[in-house]
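Chain by chain, the residues:
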Amino acid sequence: MQNKINLLNLNQKALDQFFNELGEKSFRTKQLMKWIYKDHVFDFDQMLNLSKKLREKLNEIACIEFPEVVSKNHALDGVIKWVIKTGGENHIEMVYIPEKERGTLCISSQVGCALACTFCSTGYQGFNRNLSTAEMIAQVLIANLHLNPVGKRISNVVFMGMGEPMLNEEAVYSTCDLLLDDLSFGLSRRRVTISSSGVVPALERMSERVPVSLAISLHAPNDALRDELVPINKKYPIEALMKACDVYLNAGTQERHILFEYVMLKGVNDSSEHAQQLAKLLKGVSAKVNLIPFNPFPQSDYQTSSVRAIDNFQDILSSKGIRTMTRRTRGEDVDAACGQLAGKVQDKTKRSDARRN
Ligand code: SAH
Ligand code: SF4
């Protein structure tokens with residue numbers, strides 16, 4: 001039997017093509033997207049405005065399939081973490097972070113990550129595979145199915161869970177299309193954020209392809225230190241990364257800025273000199289800086305910077321006119337904080353073995 005096509009993989013354009021190939025008009029796309037994304041109906045037989053013949057055809061060749069939720073944990077501060085099974089022994093994680101004015105869903109883009117940043121739990125686990133658009137969109141649908149009945153909603157989606165989204169470009173772009181599309185989630189472009197550790201050629205393509213917000217995981221103001229913390233810097237050093245940022249900032253018609261993420265590691269990257277260097281690097285760039293207190297995980301020796309060091313770092317940047325915030329740690333009692341998402345990864349890169357030796 002041929003494999004059925006999972007319709008959660010298809011953005012509006014791909015659905016139009018799908019229905020066109022079945023000899024159906026494109027208004028079918030609208031009808032189907034309303035059933036799935038607005039009414040949360042996933043059984044073709046209940047989609048009563050589709051003809052009986054079409055429903056039969058869909059049952060034969062298509063499906064709407066979700067990965068299985070393994071567990072759902074509530075932290076004391078309202079954060080929710082889901083663990084989702086993605087085949088074999090692989091599990092990914094996603095996190096909902098409620099705030100006064102918004103609810104942010106942090107989704108995963110890969111099972112693990114091959115980039116091996118030294119302070120990141122996901123990187124420590126190695127890499128298994130990319131997630132499909134369906135597996136990313138399903139994370140948002142699953143969260144909505146839990147949250148909507150209790151009056152909560154997702155106002156923002158960030159690709160800051162497990163994985164490097166810019167190493168899974170096409171599936172991430174289609175996911176963004178669906179997040180922005182009024183027929184599905186209808187989020188504004190400012191409320192969808194791709195976070196990347198700096199895959200330069202992909203960032204240049206992304207700048208033209210999807211108009212979403214961009215966060216760059218910088219973590220160090222010079223190449224020597226960044227080579228050590230974010231190994232992909234050896235391939236794409238800071239100068240090349242800043243050029244890609246420039247491409248992003250100058251693309252599109254609306255004003256853009258970039259959020260630079262900087263994890264605060266005690267005695268490693270948190271001195272006054274580092275702050276001065278960072279201010280110099282970001283001078284004239286339309287930037288905001290987000291300082292992230294390091295969240296520990298078992299295999300790591302790093303420590304979180306002191307509150308004093310973080311305040312000092314923030315003060316130096318602010319005094320140089322750089323908008324800077326410190327991210328409040330959330331959900332740590334269920335291991336849901338930034339960098340703590342580990343899931344369960346059948347590592348194909350052998351990185352996890354290499355590190356243990
Ligand atoms: N791969 C992407 C997106 C996922 S990581 C990226 O690196 O941007 C999301 C954010 O969490 C990144 O800024 C990452 O550097 C940060 N992070 C990773 N490990 C962390 C830790 N242990 N403590 C705090 N932040 C961490
Ligand atoms: Fe991968 Fe991002 Fe973790 Fe680096 S910080 S290992 S790029 S998930």
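The name given to the protein in an unreviewed UniProt entry is Dual-specificity RNA methyltransferase RlmN, with Candidatus Thioglobus autotrophicus as the source organism. Comment text from UniProt for the protein, heading Subcellular location (unreviewed entry), reads "Cytoplasm".

A. Here's a closer look at the sheet that holds strand β10 (residues 192-196). Taken together, the 10 strands give an open sheet; going across it, the order is β3-β4-β5-β6-β9-β10-β11-β12-β13-β14, and neighbouring strands pair in mixed fashion. In the strand order of this sheet, the two ends are held by β3 (68-74) and β14 (323-326), each with one partner. Recorded for the sheet is a direction-independent mean angle of 20° between the axes of neighbouring strands. In terms of strand pairing, β10 meets strand β11 (residues 213-217) through four bridges, oriented parallel. Across the sheet, the residue bridging to Thr 193 is Ser 213, located in β11. Its contacts with the sheet put helix α11 (residues 307-319) on β12 (258-264), β13 (287-293) and β14, and the angle it makes with β14 is roughly 165°.

B. Here's a closer look at the pairing of β13. Across the seven residues that make up β13, a large majority, six, are buried. In the sheet, β12 pairs with β13 via seven bridges, with the strands oriented parallel. Along β13, the bridge assignment pairs Tyr 262 with Leu 291. Viewed along the sheet, the connection from β12 through helix α10 (residues 272-281) into β13 turns out right-handed. As for the winding sense of the linkage, the β-α-β connection from β13 through α11 to β14 is right-handed.

C. Layout of the pairing of strand β6 (residues 103-106). With burial as the criterion, each face of β6 is covered, one bearing Gly 103 and Leu 105 and the other bearing Thr 104 and Cys 106. Here strand β5 (residues 91-98) folds back onto β6, and the loop between the two strands holds four residues. The sheet contact formed by β6 and strand β9 (residues 156-159) spans three bridges and is parallel. The residue of β9 that forms the bridge with Thr 104 is Asn 156.

D. How the structure looks around the domain arrangement of the protein. You can read the domains of the protein as domain 1 (5-63) and domain 2 (68-356). The gap between the C-alpha centroids of domain 1 and domain 2 is 33 Å. Roughly 1300 Å² of surface becomes buried between domain 1 and domain 2 when both sides are summed, with 65% attributable to carbon and sulfur atoms. Connecting domain 1 to domain 2 are zero salt bridges. Applying the counting rule to domain 1 against domain 2 returns six residue pairs in polar contact (both at pLDDT 80 or more). Of the residues forming the side of domain 1 that touches domain 2, the biggest block, five residues, is contributed by helix α2 (residues 27-38).

E. Highlighting helix α9 (residues 238-250). An ideal rise of 1.5 Å per residue puts 18 Å on 13 residues; α9 measures up with 18 Å between its terminal C-alpha atoms. Residues of α9 that are buried in the fold lie against α7 (200-209), β11, α8 (223-229), β12 and α10. Backbone geometry just downstream of α9 places Gly 252 in the positive-phi region, at approximately 75°.

F. Quick peek at the site of ligand 1. Lining the immediate environment of ligand 1, one finds 20 residues, of which Phe 119, Gly 163, Ser 195, Ser 217 and His 219 sit closest. His 219 is positioned with one of its side-chain polar atoms (N or O) 2.6 Å from an oxygen atom of ligand 1. Residue Glu 261 places a side-chain N or O atom 3.2 Å away from an oxygen atom belonging to ligand 1. Notes on ligand 1: free accessible area 530 Å², of which the protein chains cover 96%. At the level of secondary structure, the elements contributing two or more residues to the shell around ligand 1 comprise β10, β12 and β13.

G. Seen up close, the site of ligand 2. Around ligand 2, a shell composed of Cys 113, Leu 115, Ala 116, Cys 117, Cys 120, Gly 123, Gly 163, Glu 164 and Ser 197 is seen. Residues that form the shell around ligand 2 fall into these classes: five nonpolar, three polar and one charged.

H. The arrangement of the UniProt feature "binding site: [4Fe-4S] cluster" (unreviewed entry) in the protein in detail. Here, UniProt's "binding site: [4Fe-4S] cluster" (unreviewed entry) annotation points to Cys 113, Cys 117 and Cys 120. Within the secondary structure layout, Cys 113 lies in the loop between β7 (110-112) and α4 (121-125). The exposure class of Cys 113 is buried, given its relative accessible area of 10%. The topology assignment puts Cys 117 in the loop between β7 and α4. Exposure remark for Cys 117: the relative accessible area of 13% places this residue in the buried category.

Reading guide: rules and limits
Residues numbered from 1 in each chain as written. Chains lettered and ligands numbered in written order. Predicted model: local features only at pLDDT ≥ 70, side-chain atom pairs only at ≥ 80, totals over all residues. Heavy atoms only, no water. UniProt positions renumbered as here; feature names shortened; annotations may be inferred. Pairing = 2+ DSSP bridges. Helix = DSSP H or I, 4+ residues; strand = E, 2+ residues; numbered from the N terminus. Axes fitted to C-alpha atoms, helices over the stretch in contact; angles between N-to-C directions. Contact = heavy atoms within 4.5 Å. Buried < 20%, exposed > 50% of the residue type's maximum accessible area, 1.4 Å probe, protein only. Right-handed = clockwise from strand over helix to strand, strands pointing away. Domains from an automatic or database assignment. Buried area = accessible area lost by both parts, 1.4 Å probe. Salt bridge = Lys/Arg side-chain N within 4 Å of Asp/Glu carboxyl O. Polar contact = N/O pair within 3.5 Å; in protein donor to acceptor, adjacent residues only side chain to side chain. Expected span 1.5 Å × (residues − 1). Near = heavy atom within 4 Å. Areas by Shrake-Rupley, 256 points an atom, 1.4 Å probe, with all protein chains shown as cover. Nonpolar A, V, L, I, M, F, W, Y, C, P; charged D, E, K, R; others polar.

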